[in-house]
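# Working through the structure, step by step
Given next are the chains, with one letter for each unit.
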Amino acid sequence: MKNLIQLLCILASLGILGGCALEVVRSPVNITLVKGSEFVLTQPAYLVLDSGYQRTINSGTTFLEVGTTQYGMVLKPLNTSFTIEGAHMHEAYPVIQNGAVTGFYLPVEKSFSPLTKPIAISIEKVKK
């Protein structure tokens, strides 16, 4: 009976731990700040994050280029907020290179969270 109770406690503990989300993978990154152009998303973007969570960025979302990193151009959403999540939620700015989201700049942490597989995105420079 004692062994059965111990086994049940171990299984319950594993179930609780198994339900915990993984931490968002990120590493410090240098950003060169710029006063860049505005961009608009011309088609919805469906993003599957490495953490398994999914995000949609709606068509018509506007962005301001706020900097560059070795991973691409950093775009701050202007008419919405965007987050990524794992064990915690993080404000995130998409990083774009060669027409694809390569990951996210996390402004609070001053770090980069990469995507294992870049995701194509359709943005257009706003003409003023």
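Placed above this text is the structure.
Residues numbered from 1 in each chain as written. Predicted model: local features only at pLDDT ≥ 70, side-chain atom pairs only at ≥ 80, totals over all residues. Heavy atoms only, no water.

### Some points on the pairing of strand 6 (residues 62–69)
Taking burial as the measure, the 8 residues of strand 6 include 6 buried ones, the bulk of the element. Here strand 2 (residues 32–33) runs beside strand 6; their pairing, made up of 2 bridges, is antiparallel. Bridge pairing in strand 6 places threonine 32 opposite threonine 68. In this structure, strand 3 (residues 38–41) lies alongside strand 6, joined through 3 bridges in antiparallel fashion. (Buried < 20%, exposed > 50% of the residue type's maximum accessible area, 1.4 Å probe, protein only. Helix = DSSP H or I, 4+ residues; strand = E, 2+ residues; numbered from the N terminus. Pairing = 2+ DSSP bridges.)

### What to know about the packing of aromatic side chains
Taken as a whole, this structure holds 3 aromatic pairs when the rule is applied. With 5.5 Å between their ring centres and 25° between their planes, phenylalanine 82 and phenylalanine 104 make a pair best called stacked. With phenylalanine 82 in the loop between strand 7 (72–77) and strand 8 (83–85) and phenylalanine 104 in strand 11 (residues 100–106), the pair connects residues that are 22 residues apart, well separated along the chain. Relative to tyrosine 105, the ring of tyrosine 93 lies with its centre 6.3 Å away and its plane at 45°, an arrangement referred to as tilted. Placement of tyrosine 93 in strand 10 (residues 93–97) and of tyrosine 105 in strand 11 is noted, with a sequence separation of 12 residues between them. By the burial criterion, tyrosine 93 is buried, and tyrosine 105 matches it. (Phe/Tyr/Trp six-rings, centres within 6.5 Å; stacked < 30°, edge-to-face > 60°.)

### A word on the environment of methionine 73
By secondary structure assignment, the location of methionine 73 is in strand 7. Residue class for methionine 73 comes out buried when judged on its relative accessible area of 18%. Apart from the residues within four sequence positions on either side, methionine 73 is in contact with Phe39, Glu65, Gly67, Thr68, Pro94, Val95, Ile96 and Ile123. (Contact = heavy atoms within 4.5 Å.)

### Details of the nonpolar core
In terms of nonpolar packing, the biggest core is built from 20 residues, with Leu47, Ile57, Phe82, Ile84, Val101 and Phe104 touching the most fellow members. Of all the secondary structure elements, the ones that give two or more residues to this core are strand 3, strand 4 (45–48), strand 7, strand 11 and strand 12 (111–120). Excluding its chain neighbours within four sequence positions, the residues that come into contact with isoleucine 84 are Val24, Leu49, Met89, His90, Ala92, Phe104, Leu106 and Ser113. Counting 7 residues, the second-largest nonpolar core is a separate cluster that includes Val29, Val74, Val95 and Tyr105. (Core = buried A, V, L, I, M, F, W, Y, C linked by side-chain atoms within 4.5 Å.)

### Points about the pairing of strand 3
Covered by surrounding structure in strand 3 are Phe39 and Leu41 only, the residues Glu38 and Val40 on the alternate face being uncovered. In the sheet, strand 3 pairs with strand 13 (residues 123–125) via 3 bridges, with the strands oriented antiparallel. Within the sheet, the bridge partner assigned to leucine 41 lies in strand 13 and is isoleucine 123.

### Comments concerning the environment of serine 111
Looking at the element boundaries, serine 111 is found in strand 12. For the pair serine 111 and isoleucine 31, spaced 80 residues apart in the sequence, the C-alpha separation amounts to 9.0 Å. Not counting the four nearest positions on each side in its chain, serine 111 is found in contact with Arg26, Ser27, Pro28, Val29, Phe104, Tyr105 and Leu106.

### Description of the side chain of threonine 61
Structurally, threonine 61 is set in the loop between strand 5 (54–57) and strand 6. In this structure threonine 61 comes out as buried when scored by relative accessible area, which is 7%. One polar contact links the side chain of threonine 61 to the main-chain carbonyl oxygen of asparagine 58, over a distance of 2.6 Å. With residues up to four places along the chain from it excluded, the contact list for threonine 61 reads Phe39, Val40, Leu41, Asn79 and Thr80. (Polar contact = N/O pair within 3.5 Å; in protein donor to acceptor, adjacent residues only side chain to side chain.)

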